[in-house]
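The residues making up each chain are set out below.
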Amino acid sequence: MAHPFLQALLGHDAVVITTHVRPDGDAIGSQLALGLYLEELGKDVTMINEHPVPENLEWLQGVERIRVYDRSLVQRAAIAHADAIVLVDCNAGARVGERLERSIRNSGATKFLVDHHTEPEMWFNHVYRRAGAAATAELLYELMVRHRPTSIKGAISMALYVGLVTDTGSFRFDTVTPKVHRMAAALLEDGVIRPGAVHGAVYETRSLAWARLLSRALGSLTVCKGGRVGYVAIGRGVLSSFGATREDAEGFVDYPLALKEVLVALLFTETTKGTKVSFRSKGSQHVHRWARSLGGGGHCNAAGVFLRYPLEKAKQMVLAGADRFLCEEPGWAEPSLDHEDEAYLSTLVQAVH
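### Focus: the sheet that holds strand β5 (residues 110–115)
Strand order across the open sheet formed by 6 strands is β3-β2-β1-β4-β5-β6, with parallel pairing between neighbours. The sheet is open, and its two borders are formed by β3 (66–68) and β6 (126–129), each paired with just one other strand. Across the sheet, the mean angle separating the axes of adjacent strands is 20° when strand polarity is ignored. Across the face of the sheet, helix α3 (residues 73–81) comes into contact with β1 (14–18), β2 (44–49), β3 and β4 (84–88) while running at roughly 115° to β1. Sheet strands touched by helix α5 (residues 136–147): β4, β5 and β6. Its angle to β5, the strand with the most contacts, is close to 115°.

### Looking at the side chain of Glu101
With respect to the helices and strands, the residue Glu101 is situated in helix α4 (residues 98–106). In terms of polar contacts, Glu101 uses its side chain to reach the backbone amide nitrogen of Ala94, at 3.5 Å. Dropping the residues within four chain positions of it, Glu101 is found in contact with Gly93, Ala94 and Val96.

### Remarks on a nonpolar patch on the surface
A cluster of nonpolar side chains, contributed by Leu221, Val223 and Leu259, occupies part of the molecular surface with about 210 Å² of accessible area. With respect to the element layout, Leu259 can be found in the loop between α12 (254–257) and β9 (264–270).

### Notes on the pattern of salt bridges
The tally for this structure, following the rule as stated, stands at 14 salt bridges. Between Glu98 and Arg102 there is a salt bridge; the shortest N-O distance is 3.3 Å. Here Glu98 pairs with Arg102, and both are found in helix α4, just 4 residues apart, close to one helical turn. The exposed category is assigned to Glu98, whose relative accessible area is 59%. Take Arg102: its relative accessible area is 43%, and that puts it in the partly exposed class.

### Let's talk about the packing of α5 against helix α6 (residues 154–167)
Interaxial distance between α5 and α6 falls to 8 Å at its minimum, and their mutual angle equals 145°. Along the contact surface, α5 presents Ala137, Glu138, Leu140, Tyr141 and Met144, while α6 presents Ile156, Leu160, Gly163 and Leu164. Residues that form the contact of α5 with α6 fall into these classes: 7 nonpolar, 1 polar and 1 charged.

### Regarding the confidence of the model for the chain
Per-residue confidence for the chain averages 90 on the pLDDT scale, and 93% of its residues sit at or above 70. Confidence over residues 329–353 falls short of pLDDT 50; this stretch has 41 contacts with residues more than four positions distant or in other chains.

### Points about the packing of aromatic side chains
Counted under the stated rule, the structure contains 8 aromatic pairs. Ring geometry for Phe252 versus Tyr255: centroids 6.5 Å apart, planes at 75°, classification edge-to-face. We classify Tyr255 as partly exposed; its relative accessible area is 37%. These aromatic residues form a ring-pair network of at least three members: Phe5, Phe112 and Tyr128. When the ring centre of Trp123 is taken as origin, the NZ or CZ atom of Arg105, which lies over that ring, is 4.3 Å away.

### So, α5
Here α5 spans 17 Å end to end across 12 residues, near enough to the 16 Å set by a 1.5 Å rise per residue. For α5, a buried count of 9 out of 12 residues is recorded, marking the element as mostly surrounded by other parts of the structure. Taken together, the buried positions of α5 are Thr136, Ala137, Glu138, Leu139, Leu140, Tyr141, Glu142, Leu143 and Met144.

Rules behind the numbers
Residues numbered from 1 in each chain as written. Predicted model: local features only at pLDDT ≥ 70, side-chain atom pairs only at ≥ 80, totals over all residues. Heavy atoms only, no water. Pairing = 2+ DSSP bridges. Helix = DSSP H or I, 4+ residues; strand = E, 2+ residues; numbered from the N terminus. Axes fitted to C-alpha atoms, helices over the stretch in contact; angles between N-to-C directions. Contact = heavy atoms within 4.5 Å. Polar contact = N/O pair within 3.5 Å; in protein donor to acceptor, adjacent residues only side chain to side chain. Patch = residues over 30% accessible without salt bridge, like charges linked within 9 Å, V, L, I, M, F, W, Y side chains within 5 Å. Areas by Shrake-Rupley, 256 points an atom, 1.4 Å probe, with all protein chains shown as cover. Salt bridge = Lys/Arg side-chain N within 4 Å of Asp/Glu carboxyl O. Buried < 20%, exposed > 50% of the residue type's maximum accessible area, 1.4 Å probe, protein only. Nonpolar A, V, L, I, M, F, W, Y, C, P; charged D, E, K, R; others polar. pLDDT = per-residue confidence, 0-100. Phe/Tyr/Trp six-rings, centres within 6.5 Å; stacked < 30°, edge-to-face > 60°. Lys NZ or Arg CZ within 6 Å of the ring centre and 35° of its normal. Expected span 1.5 Å × (residues − 1).

Here you go:
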């Protein structure tokens, strides 16, 4: 019998599925798996995103169905006529992109959310969420296997597997449980997935521009706060000077984290409008509240924020919170920010002026 969330979704015939800007493997894998699953059940499905599918995921079967939102008459009509809109791997309307969010909110469709991030917005009609899940793909697998396990094969299996692999760091994060490994094993039973080939397609298709950009980024590697924080920075114009893209910089944040004493790694990427900051951490050293204090958010060990300040000011703002959010021992109590975030952010903004 279908879970009540899926049962509610299956009560609709025209479904639009979207995910966050600059989608990653879990976003695309989850979107594609759900779209193909619903189509197999006879639903009219439209998959649309603010940004294109990353090059390293273009090989996924069915991915050509995911369109970039260009506000065409056909796309606007699909959203307007949908009776259900599903956000996957995305807990806030703003994260799907400003133009797409506006269209979604103006739609009279029932809104659904499938996600594993913390603190989702509350405007969805139906929510299937667990912050401790390894990936949104894990949640979708739970829904599908309970309802119609025979559909989890071929392109759907591959999409779910890619979502699981990419959001677990190839099964190395603490969110990986015996249940996650059982899910991976079940997907592999289908026989269409070759783990080595998937890893190669996702992670081993880099360009020379990527290598040169990595060399520049590592040249900026800095360790501070008694060795507990390490960061790399990419200044404005550096990407274009190497012929690289923001996608090329994905994963650079993991390099400082490889250092023995570093508990939190940061990647600062300056753009024309501000600075994107990525947070990664080890074990019980959680960073989502650190990012949240600056207006961002994410997972316990992976989070981010966009600051509308140049690189140096962004560094100051983020590092000013290090002593507050770094922990010394496992099992620490995270600081409660519910009544302090706004004042804290205001203090930081004033400090950098």
